[in-house]
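Chain and residue survey
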Amino acid sequence: MRKLINAPADVVSDALRGLAAAHPSLRVDPERRVIVRGDAPRTGKVGLVSGGGSGHEPLHGGFVGYGMLDAAVPGEVFTSPVPDQILAATTAVHGGAGVLHVVKNYTGDVLNFRMAAELAEDEDIEVVPVVVNDDVAVEDSTYTAGRRGTGATVFVEKIAGALAEEGGDLSAVAAVAREVNERSRSFGVALSSVTVPAAGEPTFELGADEVELGIGIHGEPGRERVKTMPAAEIVDAALTAIDADMPLSGSEVLVMVNGMGGTPLIEQYIAYAAAADWLAGHGATVARPLVGPYVTSLEMAGVMISVCRLTPELTRLWDAPVETPGLRWGR
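With that settled, consider the environment of Pro 293. If you trace the backbone, Pro 293 turns up in the loop between strand E11 (285-292) and strand E12 (302-309). Considered as a pair, Pro 293 and Thr 263 are 30 residues apart in the sequence and their alpha carbons are 8.3 Å apart.

Of the volumes computed, that of the largest pocket is approximately 580 Å³. Around the largest pocket, the lining comprises 29 residues; the ones closest to its centre are Val 11, Ala 15, Ser 54, Gly 55 and Glu 57. Broken down by secondary-structure element, the contributors of at least two residues to the lining of the largest pocket are helix H1 (11-22), strand E3 (47-54) and strand E4 (71-77). The element contributing the most residues to the lining of the largest pocket is H1, with six residues. Residue classes in the lining of the largest pocket are distributed as 16 nonpolar, nine polar and four charged.

With that settled, the discussion passes to the nonpolar core. Formed by 61 residues in total, the largest nonpolar core has its most connected members in Leu 48, Phe 63, Leu 100, Val 154, Phe 155 and Val 173. Once residues within four sequence positions are removed from consideration, Val 154 is found in contact with Leu 59, Phe 63, Met 68, Met 256, Tyr 294, Val 295 and Trp 318.

It is worth spelling out the packing of helix H4 (residues 152-165) against helix H5 (residues 170-182) at this point. For the pair H4 and H5, the least separation of the axes is 9 Å and the interaxial angle reads 155°. Looking at the two axes, H4 sits roughly antiparallel to H5. Seen from above, H4 lies across H5 with right-handed handedness. Across from Phe 155, Val 156, Ile 159, Ala 160, Leu 163 and Ala 164 in H4, the residues of H5 making contact are Ala 172, Val 173, Val 176, Ala 177, Val 180 and Asn 181. Class assignment of the residues belonging to the contact of H4 with H5 gives a composition of 11 nonpolar, one polar and no charged.

Another point: the pattern of salt bridges. The final tally for this structure, using the stated rule, is 19 salt bridges. Across the pair Arg 37 and Glu 165 runs a salt bridge whose closest N-O atoms are separated by 2.9 Å. One end of the pair, Arg 37, is in strand E2 (residues 34-37); the other, Glu 165, is in helix H4, and 128 residues separate them in sequence. On the accessibility criterion, Arg 37 (3% relative accessible area) is buried. Through salt bridges with shared partners, one network takes in Arg 37, Asp 39, Arg 42, Lys 45, Asp 70 and Glu 165.

Turning our attention to the side chain of Ser 306. Tracing the backbone shows Ser 306 in strand E12. At a separation of 2.5 Å, a polar atom in the side chain of Ser 306 contacts the side chain of Ser 186. In contact with Ser 306, not counting residues within four places along its chain, are Gly 151, Ala 152, Phe 155, Arg 185, Ser 186, Leu 254, Val 255 and Met 256.

Moving on, we come to the packing of aromatic side chains. Counting across every chain of the model gives two aromatic pairs. Ring geometry for Trp 318 versus Trp 329: centroids 5.4 Å apart, planes at 55°, classification tilted. Pair noted here: Trp 318 is in helix H8 (residues 312-319) and Trp 329 is in strand E14 (residues 328-329), with a separation of 11 residues, a long-range link. Given a relative accessible area of 26%, Trp 329 falls into the partly exposed group. Site record: aromatic cluster; members linked through ring pairs are Phe 155, Trp 318 and Trp 329. Here the basic side chain of Arg 331 rests over the ring of Tyr 66, its NZ or CZ set 3.8 Å away from the ring centre.

Here we have six strands laid out as an open sheet, ordered E1-E2-E4-E3-E5-E6, and mixed in their pairing. Whereas interior strands pair on both sides, the edge strands pair on one side only; in this sheet they are strand E1 (26-29) and strand E6 (127-132). Each strand of the sheet is rotated relative to its neighbour by a mean of 20°, with strand direction disregarded. Bridging between E3 and strand E5 (residues 99-104) involves four bridges; their strand directions are parallel. Bridge pairing in E5 places Leu 48 opposite Leu 100.

Glancing now at the pairing of strand E10 (residues 252-259). Within E10, seven of the eight residues are buried, which leaves it mostly tucked inside the rest of the structure. In the sheet, E10 pairs with E11 via seven bridges, with the strands oriented parallel. Looking at the pairing, Met 256 lines up with Leu 290 of E11. Taken together, E10, helix H7 (residues 265-281) and E11 constitute a β-α-β crossover, and its handedness is right-handed.

A few words on the packing of helix H6 (residues 231-245) against H7. Closest axis-to-axis distance for the H6/H7 pair is 9 Å, and the angle between their directions is 50°. Overall, the two elements H6 and H7 adopt an arrangement that is oblique. For the element pair H6 and H7, the recorded crossing hand is right-handed. Between H6, through Ala 231, Ala 232, Val 235, Asp 236, Leu 239, Thr 240 and Asp 243, and H7, the contact on the second element is made entirely by Ile 270, Ala 271, Ala 274, Ala 275, Trp 278 and Leu 279. For the contact of H6 with H7, the class distribution of residues is 10 nonpolar, one polar and two charged.

What counts as what
- Residues numbered from 1 in each chain as written.
- Predicted model: local features only at pLDDT ≥ 70, side-chain atom pairs only at ≥ 80, totals over all residues.
- Heavy atoms only, no water.
- Helix = DSSP H or I, 4+ residues; strand = E, 2+ residues; numbered from the N terminus.
- 1 Å grid on protein atoms, 1.4 Å probe; cavity = no way out; pocket = protein on both sides within 12 Å on 5 of 7 lines; lining within 4 Å.
- Points joined across faces, edges and corners; volume = space filled by probe spheres on them.
- Nonpolar A, V, L, I, M, F, W, Y, C, P; charged D, E, K, R; others polar.
- Core = buried A, V, L, I, M, F, W, Y, C linked by side-chain atoms within 4.5 Å.
- Buried < 20%, exposed > 50% of the residue type's maximum accessible area, 1.4 Å probe, protein only.
- Contact = heavy atoms within 4.5 Å.
- Axes fitted to C-alpha atoms, helices over the stretch in contact; angles between N-to-C directions.
- Parallel < 35°, antiparallel > 145°, perpendicular 65-115°, else oblique.
- Left-handed = near helix turned anticlockwise from the far one by under 90°.
- Salt bridge = Lys/Arg side-chain N within 4 Å of Asp/Glu carboxyl O.
- Polar contact = N/O pair within 3.5 Å; in protein donor to acceptor, adjacent residues only side chain to side chain.
- Phe/Tyr/Trp six-rings, centres within 6.5 Å; stacked < 30°, edge-to-face > 60°.
- Lys NZ or Arg CZ within 6 Å of the ring centre and 35° of its normal.
- Pairing = 2+ DSSP bridges.
- Right-handed = clockwise from strand over helix to strand, strands pointing away.

Quick look at the structure:
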């Protein structure tokens with residue numbers, strides 16, 4: 001295992017110390033593993049909290065800041081944060097208007113966020129959870145009952161965060177988060193495996209001439225393993241799966257081509273060119289594109305395509321100013 005780390009047991013705490021040093025506008029507690037925006041709590045503002053296993057950076061800690069999350073809680077690599085972490089983050093951002101929990105649909109995340117919400121409610125903090133389950137590849141897979149939560153988490157956090165920043169109440173912020181999830185779908189493809197530092201060896205094996213279609217962001221199995229094919233064919237497989245589940249013709253869409261951590265940006269743009277061609281050829285209009293590594297899986301080579309069918313209001317909220325380590329525009 002060749003990784004730029006000090007020791008497997010210190011990966012998360014060392015990374016959090018680096019995040020704190022690089023972004024002094026955030027309040028980062030490497031020991032309790034809580035990341036909070038510097039001006040939280042904001043009186044009268046709905047707080048947004050998300051989190052999950054580390055190894056997906058910039059998700060979630062990189063999206064803490066103006067117009068997006070108020071706090072994030074990183075667990076160990078590919079492991080859910082614990083309820084005490086989530087409760088600490090929830091308490092830290094509560095400004096009297098309640099707190100939205102954005103939860104990816106993985107069993108550990110769902111259970112631990114639920115426990116934290118119950119503890120918060122014992123302290124008279126109203127919490128509403130929204131579960132993201134956008135992956136169309138498989139259902140009831142490793143770690144998951146139902147569809148996995150993947151790339152659309154970025155869409156939910158950005159759009160719900162914008163409405164919260166504008167002063168939307170908890171019911172409205174939760175409603176728009178659910179709407180974004182319902183209007184979004186994702187499909188991932190792996191070109192290589194991932195090595196969790198604590199394990200020290202690849203999670204799975206891919207032949208030199210193989211790719212895995214429908215992979216999860218922790219290296220979970222996909223739909224099928226096939227021979228390597230050109231980027232345009234990989235993108236076609238992903239978008240065909242998305243379109244079969246949520247027809248795209250006639251829609252204005254937000255499209256994210258997401259590098260999984262080990263994919264060069266030049267290859268991500270090749271994939272985006274293929275996606276733009278595919279969507280135009282199938283009657284969809286790309287209103288907003290996003291290309292880059294936003295939901296990674298350590299050093300996995302591959303790509304995930306996420307699509308959201310926009311409305312004028314969702315487009316407005318997507319365009320609203322945001323200032324976080326991982327996403328920023330308009331300020």
